Amino acid sequence: MNATDKTPVTVIGLGAMGHALASAFLKAGHPLTVWNRSPEKADDLVAAGAARAGTLAEAAAASPLVIVCLVSHPVTRDALRPAGDAFAGRVLVNLTNSTPDQAREIAAWAGGHGVTYLDGGIMATPPLIAGPASFLLYSGDRAAFDAHRDALSVLGAPHFMGEDPGAAALYDLALLSGMYGMAAGVAHARAMVAAHTGPERAQEFSQTMLLSWIQAMLPVFAGVDAAKMAEESPLDMQAPGLVNILAASDAAGVDPVFAAHLLSMMKEIVDAGFTDVLPPVIDDLTGRLG
Ligand code: FVH
């Protein structure tokens, strides 16, 4: 396929992520139109061959495939609203972080303007875009996903999560929840070491021991071999260790809020008679929501 056979793409929003998406399309040979509220963020892309649209509506009208990646749902909703007619007949792929309901709101707006809609979640940081670790979640119009799978693959491996436009957002937020929970644990671990030996040692500890420990434990966190884990490392065995983390943190002057929260959850589950790990925790969290 030569460059002219590739689907023309518009990218709206050239923040850290939108710029990485636009660069990837350009490098892959897609004719590219870009728009950003602060136009100077498009300068290098234009120098490399992209077309600069004067308005968001011009950008939407320029390509059959339009990617939007702005800071938040309210900003996206308010930016798209006045340009509805320009999107008619286009496939709009909204990669802005959203809740499932927010994704459904934009999908309903798109449906009312003759716009085919895909919502998406980006599971990569800007430098990872177009690399082997990057993957993206999509939901909404299946035919549009199939038609543009090749173009979307430029950004990272595409996964279709279902025709409910909110599905990609749900899985995106679930994956981010896993990441933030782990990040909180890492921050707490570093603070404990920093309190004992200073920030430099904490950095070294983080990049050596903590990294290899977390890598080794990742399959356990993800629920691989959960039955064996429940048998060999049950929650009632783990609870005293968490009590010790709390005590040691407190003694070192580290805010124990993270460990205290984990301990209170764990205690409730153990008190309810469960000793295995994942299913009761999931049931417990689901119950609190329901
Ligand atoms: N960066 C990351 O690591 C993550 C990875 C996973 C996915 N997220 C989501 O991607 C969305 C965009 O994130 P970003 O990193 O590009 O964010 P910024 O660099 O802060 O750029 C924000 C863009 O939004 C534009 N913008 C802000 N307010 C308005 C407005 N009122 N009207 C029009 N555009 C607006 C901003 O324009 P400007 O400030 O350059 O003029 C940028 O284009 C986000 O949902 C992440 O959760 C990224």
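A brief look at the structure comes next. (Residues numbered from 1 in each chain as written. Predicted model: local features only at pLDDT ≥ 70, side-chain atom pairs only at ≥ 80, totals over all residues. Heavy atoms only, no water.)

1. Details of the overall build of the protein chain
Next up, step 1: Within the protein chain one finds 14 helices and eight strands.
Next up, step 2: Overall size of the protein chain, expressed as C-alpha extent along the three principal axes, is 60 × 45 × 35 Å.
Next up, step 3: For the protein chain, the proportion of its 290 residues judged to be buried stands at 40%.
Next up, step 4: Pairs at least 24 residues apart make up 60% of the contacts formed inside the protein chain by residues separated by at least 6 positions.
Next up, step 5: Total accessible area on the protein chain stands at roughly 14,800 Å², and carbon and sulfur atoms take up 61% of it.
Next up, step 6: In the protein chain, the 16 positive side-chain charges and the 29 negative ones have mean positions that sit 7 Å from each other. (Helix = DSSP H or I, 4+ residues; strand = E, 2+ residues; numbered from the N terminus. Buried < 20%, exposed > 50% of the residue type's maximum accessible area, 1.4 Å probe, protein only. Contact = heavy atoms within 4.5 Å. Areas by Shrake-Rupley, 256 points an atom, 1.4 Å probe, with all protein chains shown as cover. Lys, Arg positive; Asp, Glu negative; His and termini not counted. Charge placed at Lys NZ, Arg CZ, Asp CG, Glu CD.)

2. Focus on the nonpolar core
Next up, step 1: Within the largest apolar cluster, 34 residues are counted, with the highest numbers of intra-cluster contacts made by Ile-67 and Leu-155.
Next up, step 2: Counting residues per element, this core draws most heavily on helix 1 (residues 16–27), which supplies seven residues.
Next up, step 3: With near-sequence residues (within four places) excluded, Leu-155 lies in contact with Leu-21, Ala-24, Phe-25, Leu-95, Ile-129, Ala-130, Ser-134, Leu-136 and Tyr-138.
Next up, step 4: Membership of the second largest hydrophobic core comes to 20 residues, among which are Trp-35, Ala-86, Ile-106 and Trp-109. (Core = buried A, V, L, I, M, F, W, Y, C linked by side-chain atoms within 4.5 Å.)

3. Thoughts on the side chain of His-148
Next up, step 1: Structurally, the position occupied by His-148 is in the loop between helix 7 (142–147) and helix 8 (149–153).
Next up, step 2: Once residues within four sequence positions are removed from consideration, His-148 is found in contact with Thr-7, Leu-65 and Val-91.

4. Comments concerning helix 12 (residues 235–252)
Next up, step 1: For helix 12, spanning 18 residues, the distance from its first C-alpha to its last is 25 Å, which sits close to the expected 26 Å at 1.5 Å a residue.
Next up, step 2: Every buried residue of helix 12 is listed here: Leu-235, Ala-239, Leu-242 and Ser-249. Burial along helix 12 is one-sided: seen end-on, the buried residues are contained in an arc of 90°. Exposed and facing more than 90 degrees away from the buried side of helix 12 are Asn-244 and Ala-251.
Next up, step 3: Elements that come into contact with the buried residues of helix 12 comprise helix 9 (167–197) and helix 13 (257–271).
Next up, step 4: One or two residues past the end of helix 12 sits Gly-253, with phi positive at roughly 80°. (Expected span 1.5 Å × (residues − 1). Arc of directions from axis to C-beta.)

5. Some points on the packing of aromatic side chains
Between two aromatic rings, the relevant description is the distance of the centres plus the angle of the planes.
Next up, step 1: For the coordinates displayed, the defined rule picks out three aromatic pairs.
Next up, step 2: Between Phe-87 and Trp-109, the aromatic rings sit 6.0 Å apart at their centres with planes inclined by 75°, giving edge-to-face as the arrangement. Of this pair, Phe-87 sits in helix 5 (residues 84–87) while Trp-109 sits in helix 6 (residues 100–111), placing them 22 residues apart in sequence.
Next up, step 3: Phe-87 sits in the buried class, given a relative accessible area of 0%.
Next up, step 4: Plain terms: the ring middles of Tyr-138 and Phe-145 are 5.7 Å apart, the flat faces sit at 45° to each other, and that makes the pair tilted.
Next up, step 5: Classification of Phe-145 by relative accessible area gives buried; the value is 0%.
Next up, step 6: Among the aromatic side chains, those forming a connected cluster through ring pairs are Tyr-138, Phe-145 and Phe-160. (Phe/Tyr/Trp six-rings, centres within 6.5 Å; stacked < 30°, edge-to-face > 60°.)

6. Topic: the pairing of strand 5 (residues 91–94)
Consecutive side chains of a regular strand alternate in pointing toward one face of the sheet and then the other.
Next up, step 1: Burial of the side chains of strand 5 extends over both faces: Val-91 and Val-93 are buried on one face and Leu-92 and Asn-94 on the other.
Next up, step 2: In this structure, strand 5 lies alongside strand 6 (residues 116–123), joined through four bridges in parallel fashion. Bridging from a neighbouring strand, Val-93 pairs with Leu-118 of strand 6.
Next up, step 3: Read from strand 5 through helix 6 to strand 6, the crossover connection turns out right-handed. (Pairing = 2+ DSSP bridges. Right-handed = clockwise from strand over helix to strand, strands pointing away.)

7. Regarding the environment of Pro-8
Next up, step 1: The residue Pro-8 is located in the segment before strand 1 (9–12) in this model.
Next up, step 2: Here Pro-8 falls in the partly exposed class, since its relative accessible area comes to 31%.
Next up, step 3: Remark: the alpha-carbon pair of Pro-8 and Leu-26, spanning 18 residues in sequence, is separated by 9.9 Å.
Next up, step 4: Excluding its chain neighbours within four sequence positions, the residues that come into contact with Pro-8 are Pro-31, Ser-63, Pro-64 and Leu-65.

8. A look at the site of the ligand
Next up, step 1: In the region of the ligand, 20 residues are neighbours, and Met-17, Asn-36, Ser-38, Lys-41 and Asn-97 sit closest.
Next up, step 2: Within the backbone of Gly-15, one N or O atom sits 3.2 Å away from an oxygen atom of the ligand.
Next up, step 3: About the coverage of the ligand: the protein hides 71% of its 900 Å² of free accessible area.
Next up, step 4: For the shell around the ligand, the leading source of residues is helix 1, giving three residues. (Near = heavy atom within 4 Å. Polar contact = N/O pair within 3.5 Å; in protein donor to acceptor, adjacent residues only side chain to side chain.)

9. Digging into the environment of Ala-59
Next up, step 1: With respect to the element layout, Ala-59 can be found in helix 3 (residues 56–62).
Next up, step 2: Of the residues examined, Ala-59 reaches a relative accessible area of 0% and is grouped as buried.
Next up, step 3: Apart from residues lying up to four places away in sequence, Ala-59 is in contact with Thr-10, Ile-12, Thr-33, Trp-35 and Ala-53.

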